[in-house]
Amino acid sequence: MVKKRVMIMGPGWVAGEHIKGYCRDPRAEVAAIVGFRPEDAAQCERYRQQYGFAAPYYDDLGKAIAESGAQAASVCTINHMHYANALAAVEAGLHVFCEKPLALTPEQVDGLVAAARSRGVVTHVGHVVRWYSAVAELKRKAEAGLFGTLYYGEADYFHQYIGEWKTKAATGGSTWLMGGIHALDLLLHFMGHDSPVAEVYGVWQPAQWRKDFDYETASCAILRFADGRLGKVATDAESAVPYTFRLRLHGTKGGINQAFYHSPDMPPKQWAKQEGQYPDDWHVAEHPFPAEVSYFLDCIESGRDSDLCFARAAKAYHLIFAIEHSARTGKPVRFTRG
Ligand SMILES: NC(=O)c1ccc[n+]([C@@H]2O[C@H](COP(=O)([O-])OP(=O)(O)OC[C@H]3O[C@@H](n4cnc5c(N)ncnc54)[C@H](O)[C@@H]3O)[C@@H](O)[C@H]2O)c1
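Residues numbered from 1 in each chain as written. Predicted model: local features only at pLDDT ≥ 70, side-chain atom pairs only at ≥ 80, totals over all residues. Heavy atoms only, no water.

Quick notes on the layout of surface pockets
Put simply, the test is: Think of a 1 Å grid over the protein atoms and nothing else: a 1.4 Å probe that fits but is trapped marks a cavity, an open set flanked by protein within 12 Å on at least five of seven lines marks a pocket, and residues with an atom within 4 Å of a point count as lining. Grid points are joined across faces, edges and corners, and a volume is the space filled by probe spheres set on the points. Strands are runs of DSSP state E lasting at least two residues, helices are runs of H or I lasting at least four, and both sets are numbered from the N terminus onward. Polar here means any residue other than Ala, Val, Leu, Ile, Met, Phe, Trp, Tyr, Cys and Pro, which are nonpolar, and Asp, Glu, Lys and Arg, which are charged; Gly is therefore polar. Here the limits of each domain have been adopted from an automatic or database domain assignment.
In this structure, the largest pocket encloses a volume near 850 Å³. W13, V14, W165, K166 and V284 are the residues nearest the centre of the largest pocket, which is lined by 35 residues in total. Here the lining of the largest pocket gets 3 residues from one element, more than from any other, and that element is helix α8 (residues 175–191). Classifying every residue of the lining of the largest pocket by side-chain character gives 19 nonpolar, 11 polar and 5 charged. There are two domains that each give the lining of the largest pocket at least three residues, and those are domain 1 (4–129 + 290–309) and domain 2 (130–282 + 316–334). What the second largest pocket holds in volume is close to 250 Å³. Lining the second largest pocket, in full, are R130, W131, A136, K139, R140, E143, H189, Y295 and D307. Per-element tally for the lining of the second largest pocket: the top contributor is helix α6 (residues 133–143), with 4 residues. In terms of residue class, the lining of the second largest pocket is made up of 3 nonpolar, 1 polar and 5 charged.

Okay, here's the thing in structure tokens:
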């Protein structure tokens, strides 16, 4: 089997999990690592030792694209670098797995969608929560109709970000682009990614105790779907309690509460525990990146779009921009992008 040659951009914290995924999957090999700061070369060497590959290190993205023979790329740089890095890879004809957030502005998101469409490459945005085994099984149960029609949903992402780039709008984006995206994406996943959203209303507040954030850290948003169903999402970037990912879904026959579900065949007051892994740890080593990397490779192999290709994932980002506009203006925003 000819292995797909993959370039890793930004050999930092999350990159190690992408590398682990490519090294475990027999269909891929790491072909190049591209770094953007002096310490990246040493980190590249640590990953070479840890995972047993010999790919060259580049500190020049253009040179890496021209020389490495890579056919695909994982963009693992920090948030404000995603647009330029993903665009360079797409324009060179590489298939691209871009970590979240896809980009920081509506124009950047639309630019990446257009570039991917015109080059015809496979793209994927790293909304890893969908790949937790308990979440995937709950989704299968929902699709099989076990809970009836899901008519109300809540998802919340509560975490505390440590690190300079994560606390500044110029590099991290916003509380929604940093982590709230995970909650919003999961809400869309369960309520129906293609169900049109008609209106959003967002509120937010500045940091209450951490002095280093220059963006609003806690935010809540209400979504009204075009068919009248409701969703609520919230996030907090300075949460002084352990990492929490909340999921609550009410259906006409039952529903979901975190890793528990209730279905018609159960006694009225009972919840059943969903076996498998549920998102309850912030550390990337506990996230199902290898499964997500294998899904990206499945898409390349079969030539089909990812469910989270740039064009489909774009919906969540445009919802975020609408929520943030609502929070800034204090008014609900009609959502016209579907
Ligand atoms: N899907 C998830 O659950 C998840 C989890 C963690 C991180 N992420 C995303 O992965 C991306 C990387 O996060 P990370 O924690 O691995 O980042 P990191 O701080 O380890 O940095 C990653 C790379 O970005 C580049 N970089 C960082 N700071 C730079 C600077 N000041 N100047 C130039 N280049 C710089 C470097 O190449 C570095 O190796 C982020 O976009 C983050 O949102 C996603």
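Back to the write-up after that little detour.
Considering the domain arrangement of the chain
Put simply, the rule is: Any two residues whose heavy atoms approach within 4.5 Å are treated as being in contact. Note on definitions: buried area is the accessible-area loss of two parts on being combined, 1.4 Å probe, summed for both. The rule for a salt bridge is simple: a side-chain nitrogen of Lys or Arg has to be within 4 Å of a carboxyl oxygen of Asp or Glu.
Assigned domains of the chain: these are domain 1 (4–129 + 290–309) and domain 2 (130–282 + 316–334). Put simply, the middle of domain 1 and the middle of domain 2, counted by C-alpha atoms, are 26 Å apart. Taken together, the 24 residues of domain 1 in the interface contact 23 residues of domain 2. Of the roughly 2000 Å² buried between domain 1 and domain 2, counting both surfaces, carbon and sulfur atoms make up 68%. Taken together, domain 1 and domain 2 are joined by 0 salt bridges.

Some details on the environment of P290
Along the chain, P290 falls in helix α9 (residues 289–302). Each C-alpha atom, one on P290 and one on L94, is 20 Å from the other, the two residues being 196 residues apart in sequence. If we ignore the near neighbours within four places in the chain, the residues touching P290 are K20, G21 and R24.

A look at the pairing of strand β1 (residues 4–9)
The condition is simple: In short, DSSP must find at least two bridges between two strands for them to pair. Looking down the strands as they point away from you, a crossover is right-handed if its path from the first strand over the helix to the second goes clockwise.
Here 6 bridges tie β1 to strand β2 (residues 28–34), and the two strands are oriented parallel to one another. By the bridge assignment for β2, V6 is matched with V30. In this fold, the crossover linking β1 to β2 by way of helix α1 (residues 15–24) has right-handed handedness. By the bridge criterion, 4 bridges tie β1 to strand β4 (residues 72–75) in an arrangement that is parallel. If you follow M9 over to β4, its bridge partner there is V75.

Details of the nonpolar core
A general tendency of soluble globular proteins is for nonpolar side chains to be buried together. Keep this limit in mind: Each nonpolar core is a collection of buried residues, namely Ala, Val, Leu, Ile, Met, Phe, Trp, Tyr and Cys, held together in the definition by side-chain atoms within 4.5 Å. Summary of the burial criterion: residues with accessible area below 20% of their type's maximum are buried, those above 50% are exposed, and those between are partly exposed, where the area comes from a 1.4 Å probe applied to protein chains only.
By size, the foremost hydrophobic cluster in this structure holds 109 residues, and its most contacted members are M7, Y22, F190, V233, F310 and Y317. A per-element tally of this core places α8 first, with 11 residues. Counting contributing residues per domain, this core is built from domain 1 (4–129 + 290–309) and domain 2 (130–282 + 316–334), each supplying no fewer than three. When sequence neighbours within four positions are dropped, the list of residues in contact with F190 reads V135, L138, K139, A142, L150, L247, L249 and I256.

Describing the sheet that holds strand β13 (residues 260–262)
One key point about sheets: their strands pair by backbone hydrogen bonds, in either a parallel or an antiparallel sense. Here is the rule we go by: In this analysis, axes come from line fits to C-alpha atoms, helices being fitted only over the stretch in contact, and the angle between any two N-to-C directions falls in the range 0 to 180 degrees.
Across the sheet, 9 strands lie side by side as β14-β13-β12-β11-β7-β10-β9-β8-β15; this open sheet has mixed pairing. The strands lining the two open edges of the sheet, one partner per strand, are β14 (272–273) and β15 (333–334). Direction of pairing for strand β8 (residues 197–205) relative to strand β9 (residues 218–225): antiparallel, over a ladder of 8 bridges. Within β9, the position partnered with E199 by the bridge is R224. Packed on one face of the sheet, helix α10 (residues 310–329) meets β8, β9 and β15 and runs near 55° to β8.

A few points about the site of the ligand
Note the threshold: Whether a residue is near a molecule or strand depends on its heavy atoms: it is near if one of them lies within 4 Å of it. Each polar contact in these results corresponds to two N or O atoms within 3.5 Å; when the atoms are within protein, one needs to be able to donate a hydrogen and the other to accept it, and residues that are neighboring in sequence are counted only if both atoms are side-chain atoms. Throughout, the Shrake-Rupley method with a 1.4 Å probe supplies accessible areas, and for residues the shown protein chains are the sole cover considered.
The full set close to the ligand counts 23 residues, and W13, V14, D40, N79 and H82 are the nearest of them. N79 is positioned with one of its side-chain polar atoms (N or O) 2.5 Å from an oxygen atom of the ligand. Within the contact set of the ligand, a nitrogen atom lies 3.0 Å away from a side-chain nitrogen or oxygen of E99. Against a free-state accessible area of 830 Å², the protein chains account for coverage of 83% of the ligand.

With respect to helix α5 (residues 106–119)
In plain terms, the rule: A helix is expected to reach a length of 1.5 Å times the quantity of its residues less one. Throughout, the arc means that of the directions going from the helix axis to the C-beta atoms.
End to end, α5 covers 20 Å across 14 residues, agreeing with the expected 20 Å (1.5 Å per residue, within 8%). Every buried residue of α5 is accounted for by V109, L112, V113, A115 and A116. Within α5, the buried residues cover an arc of 165° as seen down the axis, which keeps them to one side. Exposed residues on α5 whose side chains face more than 90 degrees from its buried face are E107, R117 and S118.

Describing the packing of helix α4 (residues 82–91) against α5
Stated precisely, the cut-off is as follows: Note on angle classes: values under 35 degrees are labelled roughly parallel, values over 145 roughly antiparallel, values of 65 to 115 roughly perpendicular, and the remainder oblique. Handedness of a crossing follows from how the near helix is turned relative to the far one, being left-handed for an anticlockwise turn of less than a right angle and right-handed for a clockwise one.
The N-to-C vectors of α4 and α5 enclose an angle of 10°; their axes lie 9 Å apart at closest approach. Put simply, α4 runs roughly parallel to α5. Our pair here, α4 against α5, has a crossing hand that is left-handed. Along its contact with α4, which presents Y83, A86, L87, V90 and E91, the element α5 presents Q108, G111, L112, A115, A116 and R119.

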